[in-house]
Amino acid sequence: MEQFKDLIEQPEKCSKIEDVCTVFADGDWIESKDQSDEGIRLIQTGNIGNAQYLDKGERARFITEDTFRRLNCTEVKANDILISRLPDPVGRACVIPEGLGKCITAVDCTIVRLESTVMPEYFVAYTLSPFYMMQVAARETGSTRKRISRKNLGILTIPVPTMEEQESFAALVRQSDKSKLLLKKIISRR
């Protein structure tokens, strides 16, 4: 457990989120008139759960290939991470699963495609940590509806340990509520 405390307390191992990405971009502005009954899947904020993708296939939205080209949309790929910049809660994230086909996302989501130095599962597990959520809370804006801008999201920091440490951290977060409480205790010692 001590290794995780050290992981978070070593700023030389931390990077800005935007600095560990090959793609760090907002989704696309898709109006109702641009949507269709089939085609390219539009992933919305409601599809982003806390560390899980929520399919909601019965309410799925799509755009055509022509609309994709006309609006110059950014494709979301399997193993990309989507971060919701709106509540609830602000900053929640999920990994996009295999098998969805060609997808895009809405403007209130940020697309994160990581460099090979960060595992998607580790990144999403880290977004469940109190340390990450405290950073989000410090940067969110809005009096009636909380949100975080892509710029503010990009400057949040993430520890970037070895791949072995990332796997260990992700495994810890996957464990029961007891393990999550232990992580909170470690972080609170800071």
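Predicted model, so just to flag it, every value in this text is computed and none were measured. (Residues numbered from 1 in each chain as written. Predicted model: local features only at pLDDT ≥ 70, side-chain atom pairs only at ≥ 80, totals over all residues. Heavy atoms only, no water.)

## Focus: the sheet that holds strand S3 (residues 40-43)
- Pairing is mixed across the open sheet formed by 3 strands, whose spatial order is S4-S3-S7. Two strands bound the open sheet, and with one partner strand each, they are strand S4 (61-63) and strand S7 (103-105). Direction aside, the axes of adjacent strands within the sheet are offset by 40° on average.
- Sheet analysis places S3 next to S4, joined by 3 bridges and oriented antiparallel. (Pairing = 2+ DSSP bridges. Helix = DSSP H or I, 4+ residues; strand = E, 2+ residues; numbered from the N terminus. Axes fitted to C-alpha atoms, helices over the stretch in contact; angles between N-to-C directions.)

## Examining the sheet that holds strand S6 (residues 93-95)
- One open sheet accounts for 4 strands, arranged S2-S8-S5-S6; its pairing is antiparallel. Among the strands making up the open sheet, the edge pair consists of strand S2 (21-26) and S6. In this sheet, neighbouring strand axes are inclined to one another by 20° on average, regardless of whether the strands run parallel or antiparallel.

## Points about the pattern of salt bridges
- In the structure shown here, the tally under the stated rule is 11 salt bridges.
- Linking Lys13 and Glu165 is a salt bridge whose minimum nitrogen-to-oxygen distance equals 3.7 Å. One end of the pair, Lys13, is in the loop between helix H1 (2-9) and strand S1 (14-16); the other, Glu165, is in helix H6 (residues 163-174), and 152 residues separate them in sequence.
- The partly exposed category is assigned to Glu165, whose relative accessible area is 23%.
- When the shortest N-O distance is used, the salt bridge between Arg69 and Glu65 registers 3.6 Å. With a gap of 4 residues between them, Arg69 and Glu65 both fall in helix H2 (residues 65-70), about one helical turn apart.
- Under the relative-accessibility criterion, Glu65 is labelled partly exposed at 34%.
- Bridged by salt links that share partners, the residues Glu65, Asp66, Arg69 and Lys102 form one connected network. (Salt bridge = Lys/Arg side-chain N within 4 Å of Asp/Glu carboxyl O. Buried < 20%, exposed > 50% of the residue type's maximum accessible area, 1.4 Å probe, protein only.)

## Considering the side chain of Ser36
- With respect to the element layout, Ser36 can be found in the loop between S2 and S3.
- Of note is the side chain of Ser36, whose polar atom sits 2.6 Å from the backbone oxygen of Glu38.
- In contact with Ser36, other than residues within four places in its own chain, are Phe62, Ile63 and Thr64. (Polar contact = N/O pair within 3.5 Å; in protein donor to acceptor, adjacent residues only side chain to side chain. Contact = heavy atoms within 4.5 Å.)

## Overview of unusual backbone geometry
- Non-glycine residue Lys56 carries a positive phi angle of around 50°.
- Residue classification places Lys56 among the partly exposed positions, given a relative accessible area of 32%.

## Description of the pairing of strand S8 (residues 109-114)
- Counting buried residues in S8 gives 5 out of 6 residues, a clear majority hidden from the surface.
- As paired strands, S2 and S8 are joined by 5 bridges and run antiparallel to one another. Across the sheet, Cys21 pairs through a bridge with Leu114, a residue of S8.
- As judged from the 4 bridges shared by strand S5 (residues 81-84) and S8, these two strands associate in the antiparallel manner. Paired with Leu82 across the bridge in S8 is Ile111.

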